[in-house]
Every structure is written in C-alpha cells, then in structure tokens.
Amino acid sequence: MMVGPDKVDLKVVLLGREYSGKTALAHRYLLQKFNPHMNYQTTVGAAYGARKFEVDKQTIFMGLWDTAGSERYECMSHVYYHGAWAALVCFELIDRESWLRARHWANEVMTRGDEGCKIYLIGTKADLVTEPGTPRKIEYATAKSYADDIRAKYIETSSKTGQNVEEMYCMIAEDYVADMAKKTKGEN
Amino acid sequence: MSRITKSKTIKIDESVLLCKNGCGFYGYPAWKGYCSKCWREVFSKESQQHDAAKQKRGVQPFGRRQSPQPAPVDAFSKFEEKKKVQSEKRKQTVRSIFKKSPQNTLQEPMAEKSVRKVSAEIQQIGEEFADFLKSLRKPEAALDASKQLKYFIEKIQGMPDSPVEDLSESVVNFYQSLSDRIHSKSIYKGLSQESVDLLMDYAEKYLLIRLYRVLFCPLTTDDEDKDLAIQTRIRSLHWINVHLLDAQIDEQQGNVAELIEKAITSIIEMDTMKAPQQKLECIVRCSKSIFECLRVSKGAPASADEFLPALIYVVLKANPPFLQSNIQFITRFANPNRLMSGEAGYYFTNLCCVVSFIENLNADSLSMPQDEFDRYMSGEAVPHDPTKQYSCEGLRLMHQNLSSLGELRSQLECLMAEALQLQQDNVDFKENFKREIGAVMLRTPLVLKPRKVKVNIDEEEDSDVSSRLPPPLMPEVVGVGGILSQPMISCNTQSSDFNESNNNGHSPDPVEFGEFSSHDNPL
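Residues numbered from 1 in each chain as written. Chains lettered and ligands numbered in written order. Predicted model: local features only at pLDDT ≥ 70, side-chain atom pairs only at ≥ 80, totals over all residues. Heavy atoms only, no water.

- Under an unreviewed UniProt entry, the name given to chain B is Rab5 GDP/GTP exchange factor, and the organism recorded is Capitella teleta.

- Checking UniProt for chain A, the heading Sequence similarities (unreviewed entry) contains the comment "Belongs to the small GTPase superfamily. Rab family." (UniProt positions renumbered as here; feature names shortened; annotations may be inferred.)

And the structure:
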C-alpha cells in the first residue's frame, strides 16, 4: 500500500484542532481500518502516508500530510499547506470549539493557501452523535451551508465505524483526476 | 551556568570551533578555520601578494600554502580563545563537538584532506553516474545527458558572483528543461519511467555535488550570519525541556534516550552530506527515530501533534551546524517536486517549521508568563523538570550502567547456576550409567564357553563315536521319524554355532545352550 516517497501526484493536508480526529483519519488512510484501542503495530507513526488510487484507469498517488493542531504552531501552518491540492479541515461534530477552529482554518487556507486549493470540510466522530452523553453540537445544515458559502465539500465521517472515510478519499482522488482533466483541456 | 545545561552537555575547548582570528565567530574547515569574514580579509591579502592568475579557484591555491600570517597571530588568537572559553563557557552539544572538532584540531592536514575528500566524492558520484548511464544501453541518450550536465556545470561555475536567487532559478530551470528534453527527444525513447526518474535523480545528485562549493552557503548571501544567529538562539534556549514543549518523550523509559541520541546524530549528519537527497535522507532518518521513540514512550504510534514538539526538542538538543545554510541549500537547489510532496518533503517541511518556531519562540509559545521566560533566558532560574532525577548526565549514565551491570550480574548468576546444574546432571548421568551397566552385568554374567572343535567326519568313523551315533538311515524308509531325525542334527549344530558367537552377549539362558553344545561336542 505504501509507495516510494518520490512518486506522489497530489498533496492533501489535514488541518484541525488537536484531537479533532485528524490522526484517526490518517490512520484509516494508511491502514484502511480503525482500531479503537490505538494499537497500531504496523506503523511507527502516522503523520505522513501515500496511497495509490485507481480512477478511470488512471493511477494516482496521493500523499496525506497530517499537521500539528496546537495553536502554538499555528503561525507556521501555512508552510504545510503550501503546494497542497486540497486541505481537509476537520472538526468534531460534538464539539463547538473545534467547529470554530475549523472555520478559522478554512479562512486561513483561503487567504494564505495556494490559489485553487480545494477545501473539504470534514465533520468527524459521527458515530458518537447517536450515543448518549455526546450530543451533536453542529447541525448538518449549519455545516453544509457554511461549506457551500466557501465552495467546499462537506462530509461527515467516523473513523471508528469507517463511515464515509474511504468514500471521502476516493472522492478526493476522483475530484483530482477531474480537475487535472479540466486543466489540460483548458491548456489545449 | 544552569544545572540543566551541565547535565546535558560537556565542557569543551571551544577554541577548536572558533575562527582562528579569534573574532568570536565560528570557523569552518573550508575557510581554513576562519570565519567567512576573516577568511575574506585574509584571502584578499593573500591575493594581493600573489598574481591574479592563481586566484581563480579561491580555496585551491590557498589550501596548499601555509597561512601567511606569522605564528604569533596564531598563538595570540589561541590565547584569546582560551580566555573567551573561560569567561563565557559557551557550550555545544556533545555530538556536534565530536563531529566538528577532529576537523579543526587537525587543521592543517585536514584542510588538505577535505579538498581531496571532495574530489573523491565527486569522483564517486561521477563513477556511479557513468555506470548508470552505461546500464541504460542508450549511448546517445547517455552522451546527450552528460553533455547537458557538463555544459550546465560550466555555466554555473562561470557565474559564481551572481545572486543566489538567479543560481537557484537556473538550477530549477535546468531540471525542468532536462526533464522536458528526456520526454520529448527521440534518443531517450524507450526508457522506462523508472529509468527516467533515476536519470533525473542522478543528474541532480551529480550536479549539486559538483557545484556544492559554489552553491552551499554562498558568500553573496547572509546564510552564514543566519547560521550563527540560529546557533546562538538555540544555545540561549538550552533550558527548554520536554515538558515545556509538551513533547511526550519519556527519557527514563526503555531505549528512548538512545533513540533521541540517534535522532540527534542523524540531524547533525545532515551537514556532512552533499546532495539534497542525502541531506533529506538524514532528516527522514531523524524523524523515523523520533517516531520510534514516541511510540516507545507512549505505547502507540504518534501523530503529527506529538511529532512536531519532539522534533523541536531534538533540534534544540542537537543544535545542528549550518542549519540555515542546509535548509536554504535544499530549498534553493533540490528538485522542487521532491519537496512539494513525498515523505522527505513532509519531514523537511516540519524541519522548516521547527526552525521558524525556534526563531519566533517567546513566552506565549511556551504558555508561560513573560517574566518567567525572561528569567530563564537570562539564566537566573532553571525550569523544574520532574523527570530529571539526576543533576548531571554522567550520573545518569552511571546509574544506567549500574542497573544494566546489575542485570548482567543476575543473568550471569543464572547462567552459573545452570552451568553447575548441568555439571551435576552430567555426574549423575555418569553414575546412573555405570550403575545400569553394573546391573546388566550382574544380570547377565559373562560366561566363556569352550571353543568348539571342528568335527572331522572322516575321523569319526574310526572312533567309537560312531558307535554312539544312531544307526545310518535307511534310504528306503520314508517315515516321520526318519525325516525328522536327520534335520534335528543339523539344526542343533547350527544353533550351537550361533550360540557361541553370541556368547558374550546377554543370552537369556546360557544353561540351555550349554546343553546344546555339550550335545554337539561330546568330548
């Protein structure tokens, strides 16, 4: 599954507050599974990963960059999304604070990121919403309308159940291929 | 001096690191142990004395000659440095000293050597590249590629004083044009994507190793000042520990301390490498060690949230030489594709972030009050480190060694006990064996039987033995008795033969056989 470090077509950056589910998404990406006991034997770290996707008979390699979410390092985060094709801005569906941070990140990417950097708004921990004690704090409509405002896509995922995770990555890969096709068409 | 620093660093004669002129800046082997400013001064004096023709290659003629400065200056500068060391007692991490000092202490021979070493490096990469081109089995393509490279290297060498931005641009453009050329020219057709990638890789490596002197920390830039600035900055932040950074490194645990040292070594090694690929490899190696160490510390793989603080800690502890120059070199001249994506690019980006974090670090970034930060910076106070049980690194090491020695001792004792047990078992086995054999011997005593004598059938007729034999069988008689009686004799002889040869063995009943034998050998 892992590919050589030099052969990567697109770079996707994970942004979001600490513990906003970024790491679990990255783990899912690398291992295509989620282990609730955090017992990952196969990988030493999950900050970077590259995976192969097949879209319309095209093979693309997607590199996923996890970033440190602490506010302490916020001033340097633009270095990470420099050159990224897409930014996955994560927030917890059950935490209002992380939602506000996510909106901040999205703004950051729009103002400081590369031109044309796609934004995907990701609501994480969707499995917790149905559980007692952890009520949903951000309604689907709220997030969706914000996403529409900033011309981003909005997806709700759960790394625990795997809900929408693979779909999300595949969608990104498809969007990328479509985007490239559009670009080459434009050039011609 | 704070106790913390003492625990982490050792005192060294810093004169070996400083500029020979004693100006307080760091010297560099390539400049014969001067800092760049003093070197430029000395060099300009030199060049005035000698005719212009020899100046072309800068370091080359300079390296061959002994310094024109008379010895007193040298002695004086050393004296100055000593004074400085005593008054300031500035410190360096252990590793950077180990790396740097041999180059400087053996100043004169090493300067010569480093010139040779560089050429050896160029030679090596040249050979590797040539081998690779040969393996392509496309002589035209190989010729074209090496021509392009040669032409470009000459071009860059011809413009040593141009601004570094221009140089960077030309190098990056060269990668692009070479790549375009490979993809469009017919002589390159038929090469697999893999070979093309390798070709580009080799071209980059070869180019930058050849031009390293010109492109690394060029005199036209302020890279060196930045190097010194970050070095001083890191030194002033020596008091920062893992807790202030929220780095989840537990140095008391397992081989974490060892892994941290490995990471530190890797990041320091970066400066000794020439090609950006090799430098990036060092960064990747360092990062992998950090991930491993975080995994050991917290028992689960780490994420970026934990990795960045740990990398900051490692960089602060390592204080890698020429950090800015190396980062700039990679940023300017490495193939941009490499840095934009890919694993090496990821870790490199992290390193850049770490450097910018260290540069901008203030009380806020450590979430502490300004006055507390100031007190630490001025050395008035030392932050409390709950995990630090030992006031000095030596003590910690000693304790660690003692515990591992204790472990070894218990292992040895265990081994000894097992060896004794084995010895005892051996003795017991021997005894048992002997007893068993004795028992068997008792049960089946050795009985020697008289040798059998061959019976001469012809003789028998004369003797009275024949009278005792049963009467000869009559051929006419066909009956049970007659048939049986003859085989009986032969059977008896056979079994007695068998019996004799087995006499020394454990025959179950010697008496029975004795009967047989007595039967056969009447006399």
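**Some points on the overall build of chain A**
- Scanning chain A from terminus to terminus reveals six helices and six strands.
- What you see in chain A, going N to C, is helices and strands ordered as β-α-β-β-α-β-α-β-α-α-β-α.
- Counting every position in chain A, which comprises 188 residues, the buried fraction comes to 53%.
- Of the roughly 8,900 Å² of accessible surface on chain A, a fraction of 49% belongs to carbon and sulfur atoms. (Helix = DSSP H or I, 4+ residues; strand = E, 2+ residues; numbered from the N terminus. Buried < 20%, exposed > 50% of the residue type's maximum accessible area, 1.4 Å probe, protein only. Areas by Shrake-Rupley, 256 points an atom, 1.4 Å probe, with all protein chains shown as cover.)

**So, the overall build of chain B**
- When helices and strands are counted, chain B shows 23 helices and zero strands.
- Burial status across chain B gives 42% buried among its 523 residues.
- Restricting the contact set of chain B to residue pairs at least 6 apart, pairs at least 24 apart contribute 76%.
- Approximately 29,700 Å² of chain B is accessible, and the part contributed by carbon and sulfur atoms is 57%. (Contact = heavy atoms within 4.5 Å.)

**Section: helix 13 (residues 276-298) of chain B**
- The end-to-end C-alpha separation of helix 13 of chain B is 33 Å, in line with the 33 Å expected for 23 residues at 1.5 Å each.
- Glycine 299 of chain B lies just past helix 13 of chain B and shows a positive phi near 75 degrees. (Expected span 1.5 Å × (residues − 1).)

**Topic: the confidence of the model for chain B**
Residue and element names in this part refer to chain B.
- Per-chain confidence: chain B averages 75 in pLDDT, with 66% of residues scoring 70 or above.
- Below pLDDT 50 for its whole length, residues 1-14 participates in 40 contacts with residues either more than four positions away or in separate chains.
- Our summary of model confidence lists the complex with pTM equal to 0.65 and ipTM equal to 0.88. (pLDDT = per-residue confidence, 0-100.)

**Some words on the packing of aromatic side chains**
- Summed over the entire model, instances satisfying the criterion amount to 27 aromatic pairs over all chains.
- Residues phenylalanine 129 of chain B and tyrosine 202 of chain B carry aromatic rings whose centres are separated by 5.9 Å and whose planes lie at 25 degrees to one another, so their mutual orientation is stacked. In this pair, phenylalanine 129 of chain B is assigned in helix 6 (residues 107-135) and tyrosine 202 of chain B in helix 9 (residues 193-210), connecting sequence segments 73 residues apart. For the pair phenylalanine 129 of chain B and tyrosine 202 of chain B, one class covers both residues: buried.
- Linked through ring pairs, Tyr48, Trp65 and Tyr80 of chain A together with Phe291, Phe307, Tyr346 and Tyr347 of chain B together constitute an aromatic cluster.
- Directly above the aromatic system of tryptophan 65 of chain A lies the positively charged group of lysine 11 of chain A, at a separation of 3.9 Å from the ring centroid.
- Sitting above the plane of the tyrosine 29 of chain A ring, arginine 51 of chain A keeps its charged end 5.1 Å from the centroid. (Phe/Tyr/Trp six-rings, centres within 6.5 Å; stacked < 30°, edge-to-face > 60°. Lys NZ or Arg CZ within 6 Å of the ring centre and 35° of its normal.)

**Things to note about the UniProt feature "coiled-coil region" (unreviewed entry) in chain B**
- Within the UniProt annotation, "coiled-coil region" (unreviewed entry) is assigned to residues 405-432 of chain B.
- A helix fraction of 100% and a strand fraction of 0% characterise residues 405-432 of chain B, whose end C-alpha atoms lie 40 Å from each other.

**Section: the packing of helix 3 (residues 96-112) of chain A against helix 5 (residues 140-149) of chain A**
All names here are of chain A.
- Two elements in contact, helix 3 and helix 5, have axes separated by 12 Å at closest approach and are oriented at 10 degrees. Taken as axis vectors, helix 3 and helix 5 run roughly parallel relative to one another. Contact residues: Trp99, Arg103, Ala106 and Asn107 in helix 3; Thr142, Ala143 and Tyr146 in helix 5.
- Looking at side-chain class alone, the contact of helix 3 with helix 5 contains four nonpolar, two polar and one charged residues. (Axes fitted to C-alpha atoms, helices over the stretch in contact; angles between N-to-C directions. Parallel < 35°, antiparallel > 145°, perpendicular 65-115°, else oblique. Nonpolar A, V, L, I, M, F, W, Y, C, P; charged D, E, K, R; others polar.)

**Structural notes on the environment of alanine 24 of chain A**
- Along the chain, the position of alanine 24 of chain A falls in helix 1 (residues 22-31).
- Of the residues examined, alanine 24 of chain A reaches a relative accessible area of 16% and is grouped as buried.

**Overview of the side chain of serine 170 of chain B**
- Examined against the element boundaries, serine 170 of chain B turns out to sit in helix 8 (residues 164-184).
- Excluding residues within four positions of it along the chain, serine 170 of chain B makes contact with Phe152, Ile156 and Met159 of chain B.

**Quick notes on the pattern of salt bridges**
Residue and element names in this part refer to chain A.
- In total, this model carries 23 salt bridges over all chains according to the counting rule given.
- The closest approach of N and O atoms between aspartate 179 and lysine 183, which form a salt bridge, is 3.7 Å. Linking aspartate 179 with lysine 183, this pair stays in helix 6 (residues 165-187), spanning four residues, or about one helical turn.
- Among the residues examined, aspartate 179 registers a relative accessible area of 11% and is labelled buried.
- Residue lysine 183 is classed as partly exposed on the basis of its relative accessible area of 47%. (Salt bridge = Lys/Arg side-chain N within 4 Å of Asp/Glu carboxyl O.)

**Topic: the sheet that holds strand 1 (residues 10-16) of chain A**
Residues and elements named next belong to chain A.
- The mixed open sheet is built from six strands, whose spatial order is 2-3-1-4-5-6. The sheet is open, and its two borders are formed by strand 2 (48-55) and strand 6 (153-156), each paired with just one other strand. Each adjacent strand pair in this sheet contributes to an overall mean axis angle of 25 degrees, direction not counted.
- As paired strands, strand 1 and strand 4 (residues 86-92) are joined by five bridges and run parallel to one another. Across the sheet, the residue bridging to valine 12 is alanine 86, located in strand 4. (Pairing = 2+ DSSP bridges.)

**Overview of the side chain of aspartate 144 of chain B**
Residue and element names in this part refer to chain B.
- Locating aspartate 144 in the fold gives a position in helix 7 (residues 139-157).
- Within polar-contact distance, the side chain of aspartate 144 engages the side chain of tyrosine 188 at 2.7 Å.
- In contact with aspartate 144, not counting residues within four places along its chain, are Arg181, Ile187 and Tyr188. (Polar contact = N/O pair within 3.5 Å; in protein donor to acceptor, adjacent residues only side chain to side chain.)

**Some thoughts on the pairing of strand 5 (residues 118-124) of chain A**
All names here are of chain A.
- With respect to burial, strand 5 is a largely interior element, six of its seven residues being buried.
- Two elements, strand 4 and strand 5, share seven bridges in a ladder whose sense is parallel. By the bridge assignment for strand 5, leucine 88 is matched with tyrosine 120.
- Crossover handedness for the path strand 4 to helix 3 to strand 5: right-handed.
- Direction of pairing for strand 5 relative to strand 6: parallel, over a ladder of four bridges. Its bridge partner being in strand 6, isoleucine 122 is matched across the sheet by isoleucine 155. (Right-handed = clockwise from strand over helix to strand, strands pointing away.)

**A look at a nonpolar patch on the surface**
All names here are of chain B.
- Where nonpolar side chains cluster on the molecular surface, the patch consists of Phe429, Phe433, Ile437 and Met441 and spans about 450 Å² of accessible area.
- Mapped onto the fold, phenylalanine 429 is located in helix 19 (residues 393-443).
- The class of phenylalanine 429 is exposed, set by a relative accessible area of 54%. (Patch = residues over 30% accessible without salt bridge, like charges linked within 9 Å, V, L, I, M, F, W, Y side chains within 5 Å.)

**Here we look at the interface of chain A and chain B**
- Every contact between the two is made by 31 residues of chain A and, on the other side, 35 residues of chain B.
- Summing the contributions of chain A and of chain B, the shared interface buries around 2,700 Å²; its carbon and sulfur component is 61%.
- Scanning the region where chain A abuts chain B turns up two salt bridges.
- Salt-bridge contacts for arginine 72 of chain A lead to aspartate 246 of chain B; the nearest nitrogen and oxygen are separated by 3.6 Å.
- Where chain A meets chain B, there are 11 residue pairs in polar contact (both at pLDDT 80 or more).
- No other element matches helix 1 of chain A, which puts three residues into the side of chain A that touches chain B. (Buried area = accessible area lost by both parts, 1.4 Å probe.)

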